[in-house]
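Structure at a glance
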Amino acid sequence: MANGSEVVHGFPHLDTVRAAITALYRRLSPEGVLSYAPSLLPADAAFSDQDDLHLGAQRVARALVHHLRLPDARVIVSFREMRHAASVELTAGPEYFIELNDRFRTHRRDIGAALAHEIMHVLLHRLGLSFPGTRDNEILTDTATTYLGAGWLLLDAFREDDVSSQKLGYLTPEEFGYVLAERALAFGEDPSPWFTSPQGYRAYTKGRAQALRDAQQPPLTVAGWTGRHRYAKDRRHALEHPAHPVAGPAAYGFEHSTDGLRVSFPCPTCHQRIRLPVRGRVRARCGLCRAIIECDT
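Conventions we followed
- Residues numbered from 1 in each chain as written.
- Predicted model: local features only at pLDDT ≥ 70, side-chain atom pairs only at ≥ 80, totals over all residues.
- Heavy atoms only, no water.
- Pairing = 2+ DSSP bridges.
- Helix = DSSP H or I, 4+ residues; strand = E, 2+ residues; numbered from the N terminus.
- Axes fitted to C-alpha atoms, helices over the stretch in contact; angles between N-to-C directions.
- Phe/Tyr/Trp six-rings, centres within 6.5 Å; stacked < 30°, edge-to-face > 60°.
- Buried < 20%, exposed > 50% of the residue type's maximum accessible area, 1.4 Å probe, protein only.
- Lys NZ or Arg CZ within 6 Å of the ring centre and 35° of its normal.
- Core = buried A, V, L, I, M, F, W, Y, C linked by side-chain atoms within 4.5 Å.
- Contact = heavy atoms within 4.5 Å.
- Parallel < 35°, antiparallel > 145°, perpendicular 65-115°, else oblique.
- Left-handed = near helix turned anticlockwise from the far one by under 90°.
- Nonpolar A, V, L, I, M, F, W, Y, C, P; charged D, E, K, R; others polar.

1. Some points on the sheet that holds strand β7 (residues 260–266)
The strand order across the open sheet built from three strands is β6-β7-β8, with neighbouring strands paired in antiparallel fashion. Of all strands in the sheet, those bounded by a partner on one side alone are β6 (253–257) and β8 (273–277). The sheet shows a mean angle of 30° between the axes of neighbouring strands, direction not considered. Relative to β8, β7 runs antiparallel, the two sharing five bridges. Bridging across to β8, Val263 finds its partner in Leu276.

2. Some words on the packing of aromatic side chains
Taken as a whole and judged by the stated rule, the model has nine aromatic pairs. On the numbers, 5.3 Å between centres and 45° between planes, the contact of Trp152 with Trp194 is tilted. One end of the pair, Trp152, is in helix α6 (residues 152–156); the other, Trp194, is in the loop between α7 (173–187) and α8 (198–214), with 42 residues separating them in the sequence. Per residue, the accessibility class of Trp152 equals that of Trp194, and both read buried. Judged by centre distance (6.4 Å) and plane angle (45°), the rings of Tyr201 and Tyr204 are tilted. Pair noted here: Tyr201 and Tyr204 are both in helix α8, with a separation of three residues, about one helical turn. Using a relative accessible area of 38% as the deciding quantity, one classes Tyr201 as partly exposed. Using a relative accessible area of 5% as the deciding quantity, one classes Tyr204 as buried. What links up through ring pairs into an aromatic cluster is the set Tyr25, Tyr147 and Phe187. The ring of Tyr36 carries the charged tip of Arg69 above its face, separated from the ring centre by 5.1 Å. When the ring centre of Phe187 is taken as origin, the NZ or CZ atom of Arg183, which lies over that ring, is 3.9 Å away.

3. Some words on the nonpolar core
A general trend in soluble globular proteins is that nonpolar side chains are found buried together. Counting 90 residues, the largest nonpolar core has Leu100, Leu115 and Ile119 as its most contacted members. By residue number, the principal contributor to this core is helix α4 (residues 111–127), which donates eleven residues.

4. Points about the sheet that holds strand β2 (residues 86–89)
The sheet built from three strands is open, its strands ordered β1-β3-β2 with mixed pairing. The open sheet has two edge strands with one neighbour each: β1 (74–80) and β2. Neighbour to neighbour, the strand axes of the sheet diverge by 20° on average, direction disregarded. Here seven bridges tie β1 to strand β3 (residues 95–101), and the two strands are oriented parallel to one another. For Arg80, the partnering residue across the bridge sits in β3 and is Asn101. Against the sheet, α4 engages β1, β2 and β3, with an angle of about 145° to β3.

5. Quick look at the packing of helix α3 (residues 53–67) against α4
When two helices pack together, their arrangement is given by the angle between the helix axes and the distance between those axes. Running from N to C, α3 and α4 point in directions that differ by 45°, and their axes come no closer than 10 Å. By the angle between their axes, α3 is oblique relative to α4. Relative to α4, α3 is oriented so that their crossing is right-handed. Each of Leu53, Ala57, Val60, Ala61, Leu64 and Val65 in α3 lies in contact with α4, whose residues at this interface are Ile111, Gly112, Leu115, Ala116 and Ile119. When the residues that make up the contact of α3 with α4 are grouped by side-chain class, the tally is ten nonpolar, one polar and no charged.

Given below as structure tokens:
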């Protein structure tokens, strides 16, 4: 896990984040994803200065192992000087070894966040789920940690003021907020009371705004007037110019087939692309996450 000194903001990795959410649904199934409700509770990751360092770390690690459905994995936690925030040794098991940066000896409130990311590496290793390249694989790990209910700890570890900053993980704070909001929408959960970091909460609200925009794009019936007007214009162009299909700014696109014009767009829950005939109002079911989607194609 990286710990960058200069915090990047915004949504530069959003395409990879969405691909990671799709990958989770494909690997775990909708029932498997929903089995990670509810999120890890704040009490399970609480760590005070009065707690014994190693016993406390083991306790939090056990809570994360239990939450992430890894009953057979015994996690050994140690501390040493290192460049990164943490690392994990992935072996065949049954024991996994996690090393945390020495600075966590005095920053105990963030131990749960560091352990959550590393233990997710264990789960993804067991699932055989990975992305090519270190950067994309770490984004997958952050996304999975957050979407499966433990990554709110990573966002709560984000702190920033005029003279210093701290952020764990590879996602930006706003991207952590986006994934957390995506989970909140899918699971019917409100994570806002768990934040102790004001900066983390603000990043969550920005990520939630982006997630709501994703869920209100045409051809969904909940799309706003501006989006519907743009969609109608693009649809008319596609009908009148079949040799020049249009890809809309919200990632919808039109294509001609033997049975007429079709529109493709990402599922607002799992982000897998859905293809529907252009025939007006229709209720569709996503073939991957099984979400019911009301559309006006």
